[in-house]
Amino acid sequence: MDDRVLLFDGIGQDFPSPGQRSQIRVLDGISFEAARGKFIAVIGPSGCGKSTLLQMAAGLLLPTRGAVHHRGRKVTSINTEVGFVPQQAQLLPWKTLGENVELPLVLRGVPAQERQKRVDDVLRSVGLTGFEQHFPSQLSGGMQKRGSIARTLVYRPDVILMDEPFGALDAQTRMVMQSDLQTLSMEAGATVIFVTHDITEAVLLADNVVVLSQRPSRLLANIPIDLSRPRNMFEPFKNPGFAAAYDAVWTEFRSQLQAGQIH
Amino acid sequence: MDDRVLLFDGIGQDFPSPGQRSQIRVLDGISFEAARGKFIAVIGPSGCGKSTLLQMAAGLLLPTRGAVHHRGRKVTSINTEVGFVPQQAQLLPWKTLGENVELPLVLRGVPAQERQKRVDDVLRSVGLTGFEQHFPSQLSGGMQKRGSIARTLVYRPDVILMDEPFGALDAQTRMVMQSDLQTLSMEAGATVIFVTHDITEAVLLADNVVVLSQRPSRLLANIPIDLSRPRNMFEPFKNPGFAAAYDAVWTEFRSQLQAGQIH
Amino acid sequence: MREVAPRSSLASAGGGLGAIGEKALQWLVKLLPGVALLIFWQWASGRLIKEIYVSKPTAVVARLYELFSSGEIYPHLWITGQELVLGYVIGVAGGVLAGYSLGRSSRLARIFEPYVMAFYGIPKIALAPLFIIWFGIGIGSKVALASIMVFFLVFYNVFAGVRSVDRELVNLTLIMGANQRQLTYHVFLPAAAPFVMLGMRLAIPYSVIGVIVGEFTSSVQGLGLFIHEASSTYDPAGVFAGIVILLGFVTVANLIAGAIERRLLRWRTLSGSGPIDA
Amino acid sequence: MREVAPRSSLASAGGGLGAIGEKALQWLVKLLPGVALLIFWQWASGRLIKEIYVSKPTAVVARLYELFSSGEIYPHLWITGQELVLGYVIGVAGGVLAGYSLGRSSRLARIFEPYVMAFYGIPKIALAPLFIIWFGIGIGSKVALASIMVFFLVFYNVFAGVRSVDRELVNLTLIMGANQRQLTYHVFLPAAAPFVMLGMRLAIPYSVIGVIVGEFTSSVQGLGLFIHEASSTYDPAGVFAGIVILLGFVTVANLIAGAIERRLLRWRTLSGSGPIDA
Amino acid sequence: AQQAVRIGLGAPTLSFLPIWSGRALDTFKPQGLTATVAALPGGDASALAALDAGDIDLAAVGPDSMLRAVAKGQPFEIVYSLMSKVTLQLVVSKDFLERAGVKPTDPMPKRLAALKGATFGATALAGAQEAAARWLAAQGGLDPKNDIKVAQVGSPIAIQAALEAKRIDAFVLSPPEGFLAERAGTGVVLVSMGDEFPLLAKQPYLVLVAKKPISPASSELIQKTVNAMQAASAAVLDKPAEVAEAIQKQFFAKADPQAIASAVKSMSSGVAERGRIDVEGMKNALTFNKEVGNNFGKEFDAAATKDDLWTNSFVDAAKAK
Ligand SMILES: Nc1ncnc2c1ncn2[C@@H]1O[C@H](COP(=O)(O)OP(=O)(O)OP(=O)(O)O)[C@@H](O)[C@H]1O
Ligand SMILES: Nc1ncnc2c1ncn2[C@@H]1O[C@H](COP(=O)(O)OP(=O)(O)OP(=O)(O)O)[C@@H](O)[C@H]1O
Ligand SMILES: [Mg+2]
Ligand SMILES: [Mg+2]
């Protein structure tokens, strides 16, 4: 079998531009791949098309040009073989946190007893034990996001697409969850594509960091991070080679933005 | 006139706990104040009650115990003298970005010509020029959040409450906006209360950093930051005294979390 | 995300006797307009409007007592009750099914929705002979008429509700591996519930109207027939007694629907979308 | 947040002649069920069911031609058209006002909503003599009946719509300095628009039903009377010609409402809440 | 200038023969009148309500509903008898006829006794049709309450449909319904009530009602209308075929002309009195109402109510001219 679990092949995306005849080109020929068990971080300026990229991998959007291949098959409809953590938490508002996290297991016909145990475990690991009965509207922003992560982790998909999962978390919680995610991907061999704004986070977690440019977005660089695992999430600079890797990414990232203007 | 624009006086908040008879105590006797023109950063673990605190200042929620005073008057109903940037962008989905940002000016009866100019200015400063005609659903997460910030800045309120405004932004955009916010608060003398997860950001922007503990949340520390202004947002460590201030906050923040467990 | 400052009322809600008094007061306030209306009616009947058109509340109560104590009304009640329940249930079931299918498939919707609207606009009253030929003069034609009226309301509400469901939630659930049945149960029905419940509530009075119109058109027994007879024999107290009984039906059904709605939509009042008194 | 994979159809939509052909095909598919129905009707009439009950499409068309070319129908059309427009406008205006007030104030709602529901459940047909006394046998009683029916539907939809508005958006707008009028205009109306539009669409056929029921009860002129007279003078083609004209009214009004709805709710189809074909 | 008169009709059926004839031949015009006929399918109660409200000048209704209203204190007066015999016909389905084993030529008691267990259709319960059905059953020696069933079935066309679909066994309606059923092969006229019972042959069956007090102006209007009605009645008697044709052409264009012609012919004897009511006819009407069990809650005396409940003054004035 092909080892390339996900392959982005010359992706382009144009969106209609309201009020104008022309279209906005958002993504312009993006190609990269994610081998089995690898951890890919995607960084890029706000609005460059990172979320759009993940949606294509999930089959929610067809690229205008190019294609996404999942295990060699072109993605043309909703891809049920990936786990997707959207940018907004998107918990179902009519279900309690517990029911939300349990939902994928219910959908997959996991027996009730096992469901209970797995929900308890995953909620403990995201620090939400005791909030099973809360409705999403009764949770804080960060708690909702953690619930959304738990909902995906609970059914252990092979491929996980995460859109800024830890953006709304405080430094401490974030480190714990980063560490958990690393353990998970190492132990379960899950392939992860991970959008983030935090370069430290990208370097700490990823095997490859994909750097995107301003809209119309091109691939600026695809930087391999060769730090040994497990990495220390709590003191980033204690990882040998971290500083160099960080600098490599930061240099690419800031290259286009020297002017100090947003765009 | 009292120089203390906002005064949190022994705030406590209990929420009903679904599935249980008892209530969850979220905030437990928080007191601090914001003097005129000062910049207060609030940090604390996810779910500790930071957003709740801001909502009280905006008059959206009455504290169970204690009270918020705004210029000496107790806040008992919706406080129209503050600007509020909520944690979720909360743009009106039926208005375009331009109309959303224009709305506070329309509500205040600003003449159309001036409105146009001010909207253009503020959209430029948050890097959203050219997206006036987009509906919120056509914007990326970070762009929506920037729109929400623009909507508050456009009418230049004296007091601005911001709930993690820059959380969804990439490093570069964030720095530019931090810098703009500093300029604004210095020039216009606006009082800002600012919730963030980023300790660097808190130290860079604030005159005082309020550190909250785990739920039930108490005030761990209220640390004055005596760095001279204007501060350099692009290279934090070039500000003299930054490292020490950072360490002071970080030490307080991590103190309660030594175990490495979320809670 | 949280309630607007209602905490302050917690104290009074918790306080023993005071709370009971407050509850009673609330009921009083609720009943007040009704009582005022009744008093006005009693006064106006015979003064502003002849009693043969609008009977007096006292006369209506007397007539009601008579009807129930003599047992005269029971067979009518029994028939009309059956028709109401059957018509309502069939109409709701059909409306939910059709509304859901058309709501889910925009292709089907584009083709069939205009036809549904057109049929909806046919004055059923003009088709009385057809109803009689097809459904007879027994309970069948009334059930048919009521369920058609109920159907349209429920259909349109479910249709609009299903179409208003957040597409992102649907997509997420599909990615999680939901099949169509699961998607319906876990996402579409709860998300469309506010519309569905609205349709079901709106349909309550229409099932009554359908049955009554049906009984006016053809029937052997039933409350509608009773009212019609009372009306043509100049028995206004009888007419209003019949109407009061119908209102009883509607009010009870409405209370039940309200309770169900509050249960099903509990999550909405917790979240930011409850009623606002601002 | 974005559309599900519809980009693929962009190519064909843009392509000149092919696009026109496709459009024509779509219309064909849309008309197909109607045509099939007509053919079946033509066949069944006189075979499955006597012509005096359902006439034949060809006879109906002939009768329509006759009615319009002789000008016989115009006075009826004119009266009924007036009644429809007035009834609809009054009902919608009242429904929006009342629904909005009760939706905004949960205190008012708690007191008055049960009464509204109860009145809604009164079979208006049973009160025919009252309507005649109060509104006469002219256009007044028909307008009253139609606007009452429209009122209830619009009322309930606006009520539910206003209550479903996201409280956080309301609060934010208040903080930004909105007064009540501005809040209504900028937040409540647009947010409740899906419900309001639904109510207004549901009300279209009901204004027709109200007017026709009114004309069936008493009238000097109007389509309802025409239908009734056709029915009692053994003219089934006339009955169905009248119904076809009514359907024309409904369909045109529905098309207009659909266009308005698409315009007003444009933001919803852009966002994730459009129809899903999954 | 032409004066307008508004006449309310509880049901637009052919049995209001003088009104149709008057409109078809326009006997109103010579009187300087333009007639507007308001349809009030809501029934006699609606027509009388409209009269009470002043929306119409005259209501064309059955005397029973008029008497009920007067008993409740309504100020109404009969000013003209449109039909002076009961025009109702008992029509039964062919099926029922076979089952019961009777023929239209059988003696009356046998025909009526056969009705046991039949279901009747009526356009409205508690009206003339139900009363007539139960009265017929009683004449046949049956228990009028329990031996027959009467169902409300909206309009005449719906009743025809019900008869054809075998939902009912019989109905009691005025022509042309009976003839139509016979032509459609669904039913048979078993009894023509007005022709076969002396009590029903002479009594006001459909009347024009005015609201009291009658002002001089409305008195003049009523007088002119009565004149027009008399002219219309005369025409029916003189040349029934032509009148029938005129009515059919103008108002029943889509109906079977022969059925209309037969109907007009069979009902024409009902207009023979030219609107005059006499005490005997009134008595017959009251007797009939008593026999069918109509309880008005008040006793009327035929003679004593002259010029209060009913009057011939307009008819007499017309004759005098
Ligand atoms: N439906 C749409 N119509 C028009 N433009 C759209 C639409 N959806 C997205 N866009 C545009 O596509 C671009 C990329 O959006 P996307 O959400 O992928 O950005 P992102 O990289 O995830 O940004 P962020 O970091 O802020 O979340 C944005 O400029 C946005 O305006
Ligand atoms: N309506 C409610 N009912 C019950 N509990 C609530 C309700 N609203 C908030 N809470 C609880 O209050 C606590 C604080 O919420 P808040 O949103 O203020 O947290 P926060 O500090 O802003 O967190 P974050 O950084 O994740 O946004 C949470 O534990 C939440 O569960
Ligand atoms: Mg994004
Ligand atoms: Mg928060």
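**A short note on the interface of chain C and chain A**
Taken together, the 22 residues of chain C in the interface contact 27 residues of chain A. Counting across the interface, chain C meets chain A through 0 salt bridges. Our count for the chain C to chain A interface comes out at 5 residue pairs in polar contact (both at pLDDT 80 or more). Contributions of two or more residues to the side of chain C that touches chain A are made by helix 8 (167-175), helix 9 (180-217) and helix 12 (266-270) of chain C. Residue contributions to the side of chain C that touches chain A peak at 7 residues, all from helix 8 of chain C.

**As for the confidence of the model for chain E**
On average, residues of chain E score 85 in pLDDT, and 99% of them are at 70 or above. Per the prediction output, this complex has pTM 0.87; the corresponding ipTM is 0.86.

**Thoughts on the coordination of the magnesium ion (ligand 3)**
A metal bound by six donors in octahedral fashion has ideal angles of 90 or 180 degrees, whereas one bound by four tetrahedral donors has an ideal angle of 109.5 degrees. All names here are of chain A. Surrounding the magnesium ion (ligand 3) are the protein donor atoms Ser51 (OG) and Gln87 (OE1), which sit 1.9 to 2.1 Å from the metal. In this pair, serine 51 is assigned in helix 1 (residues 50-57) and glutamine 87 in the loop between strand 6 (82-85) and helix 2 (97-107), connecting sequence segments 36 residues apart. In terms of burial, serine 51 and glutamine 87 fall into one category: buried.

**Concerning the domain arrangement of chain C**
Split by domain assignment, chain C resolves into domain 1 (16-49) and domain 2 (57-270). For domain 1 of chain C versus domain 2 of chain C, the separation of C-alpha centres amounts to 29 Å.

**Regarding the pairing of strand 10 (residues 206-211) of chain E**
All names here are of chain E. Burial runs high along strand 10: 5 of the 6 residues are buried. With 6 bridges joining them, strand 4 (residues 76-83) and strand 10 adopt antiparallel strand pairing. Bridge assignment links phenylalanine 76 to a residue of strand 10, and that residue is lysine 211.

**Remarks on the relation of the copies chain C and chain D**
Overlaying chain C with chain D gives an RMSD of 0.3 Å, the required rotation being 180° about an axis along which the chain moves by 0.1 Å. Here the two chains are linked by the operation of a two-fold rotation axis. Taking C-alpha positions as the reference, the residue of chain C nearest the rotation axis is phenylalanine 195 of chain C, at 4.2 Å. When the interface residues of chain C are mapped onto chain D, 99% of them again lie at the interface, so the same face is used by both copies.

**Let's talk about the nonpolar core**
Residues Leu161 and Ile193 of chain A together with Leu161 and Ile193 of chain B are the most contacted members of the largest nonpolar core, which totals 365 residues. Sequence-distant contacts of isoleucine 193 of chain A, defined by excluding residues within four places in its chain, comprise Leu6, Phe8, Phe32, Ala34, Ile40, Val42, Leu54, Ile160, Leu161 and Met162 of chain A. Ile7, Leu33, Leu142 and Val172 of chain E belong to the second largest nonpolar core, which has 84 residues in total.

**Comments concerning helix 3 (residues 57-70) of chain C**
Residues and elements named next belong to chain C. Taking 1.5 Å as the rise per residue, helix 3 with 14 residues should run 20 Å; its terminal C-alpha atoms sit 20 Å apart, in good agreement. For helix 3, the full list of buried residues reads Pro57, Val60, Arg63, Leu64 and Leu67. Angular distribution of buried residues about the axis of helix 3 spans 120°; they occupy a single face of the element. The exposed residues of helix 3 that point more than 90 degrees off its buried face are Val61, Tyr65 and Ser69.

**Observations concerning the interface of chain C and chain D**
Counting residues at the interface gives 84 residues for chain C and 84 residues for chain D. For the pair chain C and chain D, the summed buried surface comes to about 7200 Å²; carbon and sulfur atoms form 69% of the total. At the junction of chain C and chain D, the tally comes to 2 salt bridges. Glutamate 113 of chain C is the partner of arginine 201 of chain D in a salt bridge, and the nearest nitrogen-oxygen pair spans 3.5 Å. Our enumeration of links across chain C and chain D arrives at 7 residue pairs in polar contact (both at pLDDT 80 or more). With 13 residues, helix 9 of chain C is the largest single contributor of residues to the side of chain C that touches chain D.

**A closer look at unusual backbone geometry**
Along the chain, arginine 229 of chain B connects to proline 230 of chain B via a cis peptide bond; the corresponding omega equals -5°. Structurally, proline 230 of chain B is set in the loop between strand 10 (219-224) and helix 7 (242-255). At the junction of lysine 212 of chain E and proline 213 of chain E, the peptide bond is cis and its omega measures out at -10° in the coordinates. Mapped onto the secondary structure, proline 213 of chain E falls in the loop between strand 10 and helix 11 (216-238).

Conventions adopted
Residues numbered from 1 in each chain as written. Chains lettered and ligands numbered in written order. Predicted model: local features only at pLDDT ≥ 70, side-chain atom pairs only at ≥ 80, totals over all residues. Heavy atoms only, no water. Contact = heavy atoms within 4.5 Å. Salt bridge = Lys/Arg side-chain N within 4 Å of Asp/Glu carboxyl O. Polar contact = N/O pair within 3.5 Å; in protein donor to acceptor, adjacent residues only side chain to side chain. Helix = DSSP H or I, 4+ residues; strand = E, 2+ residues; numbered from the N terminus. pLDDT = per-residue confidence, 0-100. Donors = N, O, S within 2.8 Å, 3.2 Å for Na, K, Ca; no water. Buried < 20%, exposed > 50% of the residue type's maximum accessible area, 1.4 Å probe, protein only. Domains from an automatic or database assignment. Pairing = 2+ DSSP bridges. Least-squares fit on C-alpha atoms with pLDDT ≥ 70 in both. Core = buried A, V, L, I, M, F, W, Y, C linked by side-chain atoms within 4.5 Å. Expected span 1.5 Å × (residues − 1). Arc of directions from axis to C-beta. Buried area = accessible area lost by both parts, 1.4 Å probe.

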